[in-house]
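# Coordinate analysis (summary)
Here are the chains, one letter per residue:
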Amino acid sequence: MKLLESFGITRRLYLLSFALAGGLGLVAVFAWANLSDVIRQTHKVSAESLPHQLRLANMELNVTRSSLQLRHAMLARTPGDVAATLADIADKKKLIDADQAALEKAALTSAEKSDYAALVQALSTFWQIAGQNVALIEQGNKEGGFDFLVAKTIPARNVVLEMLSKQKYHQSGALADSVSAVVQDATKTLYI
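Residues numbered from 1 in each chain as written. Predicted model: local features only at pLDDT ≥ 70, side-chain atom pairs only at ≥ 80, totals over all residues. Heavy atoms only, no water.

Its location among the elements puts Ile137 in helix H4 (residues 110-138). Classification of Ile137 by relative accessible area gives buried; the value is 4%. Residues Ile137 and Ala73, spaced 64 residues apart in sequence, show a C-alpha to C-alpha distance of 7.2 Å. Not counting residues within four places of it along the chain, the set of residues in contact with Ile137 comprises Leu70, Ala73, Met74 and Val82. (Helix = DSSP H or I, 4+ residues; strand = E, 2+ residues; numbered from the N terminus. Buried < 20%, exposed > 50% of the residue type's maximum accessible area, 1.4 Å probe, protein only. Contact = heavy atoms within 4.5 Å.)

Structural data, given as structure tokens:
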């Protein structure tokens, strides 16, 4: 204290100004670091997590719609309706394949790669069985096609849907973690 008392008022004001400027500088550095992390996490959510979730949801929807279209093909009354329905299934397969390829490409960890390899195998099995179902429909064997749909195609579809559901659950957790990190960093910055 004697040191401060030996300073004149001008020197004490300078010292206080430097202390305030240093403190504000530290706050600015802390805010910059936290906001940089907010930007990084937000970019990750918008560029990776949300598109990933949308791909999984689209795949789930298109697999379900494909199996429903198989049933619709059996109920169609005209060859034109059957052909249009089967063409729609082929279009859905292209969409699923594109989403599946994008998911595989985005896989970073060995666990993700393993999960997507299992999904690829399940999808392959589903499309192989669905192809057999289509062959029965094209042959005009609608009753046999329906029995095959119930016995083979729907269980294969359900395996794929279960795998997609697990992936969506996992990705939802990762998305929630990212959003939580953004909220924490923004809150820290706000308090500082």
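Still to come is the rest of the account.
For the rest of this paragraph, the subject is H4. Its 29 residues place the ends of H4 41 Å apart at the C-alpha level, agreeing with the 42 Å of an ideal helix rising 1.5 Å per residue. Where H4 is buried, its residues touch helix H2 (9-75), helix H3 (79-106) and helix H5 (142-191). Looking one or two residues past H4, Gly140 carries a phi angle of roughly 85°, positive in sign. (Expected span 1.5 Å × (residues − 1).)

This part takes up a nonpolar patch on the surface. Among the surface-exposed residues, Ile9, Leu13, Leu16 and Leu20 lie close enough to one another that they form a single nonpolar patch of about 410 Å² accessible area. As for its placement among the helices and strands, Ile9 is situated in helix H2. Overall, Ile9 belongs to the exposed group, its relative accessible area being 57%. (Patch = residues over 30% accessible without salt bridge, like charges linked within 9 Å, V, L, I, M, F, W, Y side chains within 5 Å. Areas by Shrake-Rupley, 256 points an atom, 1.4 Å probe, with all protein chains shown as cover. Salt bridge = Lys/Arg side-chain N within 4 Å of Asp/Glu carboxyl O.)

Let us look at the packing of H2 against H3. Where H2 contacts H3, the axes come no closer than 9 Å and their chain directions differ by 155°. The angle between H2 and H3 falls in the class roughly antiparallel. Crossing geometry of H2 relative to H3 is assigned as left-handed. Here the residues of the contact of H2 with H3 sort into 13 nonpolar, eight polar and five charged. (Axes fitted to C-alpha atoms, helices over the stretch in contact; angles between N-to-C directions. Parallel < 35°, antiparallel > 145°, perpendicular 65-115°, else oblique. Left-handed = near helix turned anticlockwise from the far one by under 90°. Nonpolar A, V, L, I, M, F, W, Y, C, P; charged D, E, K, R; others polar.)

Turning next to the pattern of salt bridges. Under the counting rule described, the total for this entry stands at four salt bridges. Two residues, Lys92 and Asp88, come together in a salt bridge whose shortest N-O distance is 2.9 Å. Placement of the pair is Lys92 and Asp88 together in helix H3, with a separation of four residues, close to one helical turn. For Lys92, a relative accessible area of 7% translates into the label buried. Taking the shortest distance from any N to any O, the salt bridge between Lys93 and Asp97 comes out at 2.8 Å. Taken together, the residues span about one helical turn, with Lys93 and Asp97 both in helix H3 at a distance of four residues.

Our focus in this paragraph is the layout of surface pockets. Empty space among the atoms becomes apparent when a probe as large as a water molecule is rolled across them. Roughly 350 Å³ of internal volume is contained in the largest pocket. Glu48, Ala106, Leu108, Glu112 and Gln171 are, among the 15 residues lining the largest pocket, the residues nearest its centre. Looking at the lining of the largest pocket, the elements with two or more residues in it are H2 and H5. Among the elements that make up the lining of the largest pocket, the one with the highest residue count is H2 (seven residues). Per-class residue counts for the lining of the largest pocket are five nonpolar, six polar and four charged. (1 Å grid on protein atoms, 1.4 Å probe; cavity = no way out; pocket = protein on both sides within 12 Å on 5 of 7 lines; lining within 4 Å. Points joined across faces, edges and corners; volume = space filled by probe spheres on them.)

We now examine the nonpolar core. Ranked by size, the top nonpolar core spans 30 residues in total, and within it Met59, Val63, Leu70, Leu119, Leu123, Trp127 and Val160 carry the most contacts. At the level of secondary structure, the elements contributing two or more residues to this core comprise H2, H3, H4 and H5. Tallying contributions element by element places H4 first for this core, with eleven residues. Beyond its immediate stretch of four places on either side in the chain, Trp127 contacts Ser66, Ile89, Lys93, Ile96 and Asp97. (Core = buried A, V, L, I, M, F, W, Y, C linked by side-chain atoms within 4.5 Å.)

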